[in-house]
Each structure stands twice: as C-alpha cells, then as structure tokens.
Amino acid sequence: MQWKIGKVKITKVVELETIGSTRFILPLATNDEIQKLPWLIPHFATQEGRLKMSIHALVVETPSRRIVVDTGLGNDKQGRNVPTWNSRNSPFLETMTAAGFPPDSIDTVLCTHLHVDHVGWNTRLADGKWVPTFANARYVFGKTEYEHWRDHSETPDKVAVFNDSVQPIVDADKAELIASDARLCDEIAMIPTPGHSPGHMSIHIQSDGEEGLLTGDVAHHPCQMAHLDWSSTADSDPVRSTAARRELFSRFADRPVLVIGGHYNAGHIKRDGDAFKFIAWA
Ligand SMILES: [Zn+2]
C-alpha cells in the first residue's frame, strides 16, 4: 500500500495482520462498543465489531532519504510476553525487498518509541549475535525514550527487548539520539507525544504544501479517536496519553492531512463533538 505527500512517498510493509483478539491491548473496545461507531466499519473494524489491526513498517522516501519508520517484531526473538511473538520466522525482509526496498538501501531507521513491536527488525540474528539489519542505516531513537528503557527496563520481557533490539544498535555505533521535537530533514520533524511511552514521538511530514502525520502508538486504533480516554494496556501514563491524543488530533483535525498509525491504516481526522472520528483515505 502506498501514499504520496508532495514529493514524499510512503509504503506500508506488513509483518502481521489481525482481526479481533485485541482485548489484551484495548480492553474497553468490546464488540458492542465498536458497533456503536459505524464509521469504523468496514475499513477499521468488521460488522461484528472486531478491530482490524496490523504490525507494519512504513518506508518513507524523501527526495534525498530512504527511511524505515518502526520495525515490527523481528525474527528469532525470545522472552516476549505474547507467545506468538517468540521465535518468529517471517519473510518480512523478503517482502520489503520485493517491494523495492532491500535492507541495504535503507539509510535511516526511525523508531517512534522503543516497544517490542516497533524495534524488532532493528536487528537480526547472525552467528548467534544480534547485528543491525539495516547495515547502511543510522538508527534514530528519541533520547528520552532510549534513556528511559536503558534505566528502567525492569521486567524480563522489557530487558529482552532492550538487549536484543536496541542496545546492539548503540554498541555497533549506529544510533543517533535526538530530542523529541527534533527536525530530521527538510520534510520531516518530530512531535513529542509522551504518554503511551515516556519519550514517544509522532512524525510530521510536509512537502509541496501537503501534509502527513505518522501517529505511532498515540492511538493503537481509530476507536481511540472517539474515546480519547480508552488507554491501551501498554500506555505507561494513561492520563498523559489521553492528553496527547486530544492535543495531536485537535491540531490535525478537519484538514486534508494523511494520517497513518503504528497499527492502523490511512485516513483523516474529523472533529465529532468533544472527540474525533477517522475517515479512511480515499
Ligand atoms: Zn507501543
């Protein structure tokens, strides 16, 4: 799937698609509640009220750079809390290559945050060691986010993710730590959106008068635009994540801005009373 924002091209490379079974991440989004939001159906939910979600990377091509935003789950990882996220053996890199993006052609990897399903393909297993998957890329992490997980990865699953998918990049001298409001290049700037994680960043794209927004996990699903207070179980600070949703969606609502989530497909945000709704990109 592909979109254009002025001279910037965005391609979604899917690692995993799911329908339903999202209670573990969004417990308030029951089938009954989702059916009360008919604008979600059929693009973002089924008739039965089950959520459509994906784990994907977004390849963002500017006139001068080829960037991967977020890198999914990865292969061969261990110690994950979700059983099926362990020992994966998916053809994600082959899919990327077939789409025209061999790993060596990527010059930048940008992680909105450092959760398990956004950093996996940062590394791959080679001769028993975790090495950078994108050998020619600089990996850009938020400084706040990196320092948080460096100092506060306390549970075994968090330790595993940090040690196999984040620290090897730093050890290989491939990491660049940026401020949460940094500008990456002419077309791309970060927007600090803490709450889901302490240093979470969203990505603002501007080119030739057109605009895009990659929300990362500010919302896991557009149903959170209608219910700003539906925090995901992964949100580190539900009060702040609710505020981040309100601020970010207010800023980009009712304008022709292409919005793509860390786990949902493209659309644009419309104000709807006190909250918002999301209309699939035509
Ligand atoms: Zn997350």
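What this report covers is the structure whose coordinates are included nearby.

Basis of the calculations
- Residues numbered from 1 in each chain as written.
- Predicted model: local features only at pLDDT ≥ 70, side-chain atom pairs only at ≥ 80, totals over all residues.
- Heavy atoms only, no water.
- Pairing = 2+ DSSP bridges.
- Helix = DSSP H or I, 4+ residues; strand = E, 2+ residues; numbered from the N terminus.
- Axes fitted to C-alpha atoms, helices over the stretch in contact; angles between N-to-C directions.
- Donors = N, O, S within 2.8 Å, 3.2 Å for Na, K, Ca; no water.
- Tetrahedral: all angles 85-135°; square planar, octahedral: opposite > 155°, others 65-115°.
- Buried < 20%, exposed > 50% of the residue type's maximum accessible area, 1.4 Å probe, protein only.
- Salt bridge = Lys/Arg side-chain N within 4 Å of Asp/Glu carboxyl O.
- Core = buried A, V, L, I, M, F, W, Y, C linked by side-chain atoms within 4.5 Å.
- Contact = heavy atoms within 4.5 Å.

**Notes on the sheet that holds strand S1 (residues 2-5)**
Pairing is mixed in the open sheet, where seven strands are placed in the order S1-S2-S3-S4-S5-S8-S9. Looking at strand neighbours, the two that pair on one side only are S1 and strand S9 (175-178), the edges of this open sheet. Averaged over all neighbouring strand pairs, the angle between strand axes comes to 25 degrees, with direction disregarded. By the bridge criterion, 10 bridges tie strand S2 (residues 8-19) to strand S3 (residues 52-61) in an arrangement that is antiparallel. Looking at S3, one finds that Ile10 is bridged to Val60.

**What about the coordination of the zinc ion?**
Protein ligation of the zinc ion involves His113 (NE2), His115 (ND1), His196 (NE2) and Asp217 (OD), the donor distances falling in the range 2.1 to 2.4 Å. Taken together, the four donor atoms coordinating the zinc ion span angles of 83 to 178 degrees at the metal, a pattern that classifies the geometry as irregular. Mapping the donors of the zinc ion onto the primary sequence gives the spacing H-x1-H-x80-H-x20-D. With His113 in the loop between strand S5 (108-110) and helix H3 (116-119) and Asp217 in the loop between strand S13 (210-216) and helix H6 (223-226), the pair connects residues that are 104 residues apart, well separated along the chain. When sorted by exposure, His113 lands in the same class as Asp217, which is buried.

**Thoughts on the pairing of S1**
Where burial is concerned, the two faces of S1 differ: the one with Trp3 and Ile5 is buried and the one with Gln2 and Lys4 is not. Sheet topology note: the S1/S2 ladder contains four bridges and is antiparallel. Its bridge partner lying in S2, Ile5 is registered against Val8. In this antiparallel pair of consecutive strands, S1 and S2, the connection spans two residues, and Gly6 shows a positive phi of 55 degrees.

**A short note on the pattern of salt bridges**
Following the criterion strictly, the structure yields 14 salt bridges and no others. Here Asp107 ties to Arg65 by a salt bridge, and the two come within 3.9 Å at their closest N and O atoms. Of this pair, Asp107 sits in the loop between helix H2 (92-98) and S5 while Arg65 is found in the loop between S3 and strand S4 (66-69), placing the two residues 42 residues apart along the sequence. With relative accessibility at 24%, the residue Arg65 sits in the partly exposed group. A single network of salt bridges, built from pairs that share partners, joins Lys9, Glu61 and Arg66.

**Here we look at the nonpolar core**
If you look at the biggest cluster of nonpolar residues, it comprises 31 residues, and the most contacted ones within it are Ile34, Leu40, Leu51, Cys223, Phe249, Ile269 and Phe278. If you list the elements that add at least two residues to this core, you get H6, helix H7 (238-252), strand S14 (257-261) and strand S16 (275-280). If near-sequence neighbours (up to four positions away) are discounted, Leu40 is found in contact with Ile34, Ala45, His221, Pro222 and Cys223. Judged by nonpolar contacts, the second largest core, of 24 residues, contains Val13, Ile106, Cys111 and Phe141.

None of the figures reported here should be taken as evidence of function without further support.
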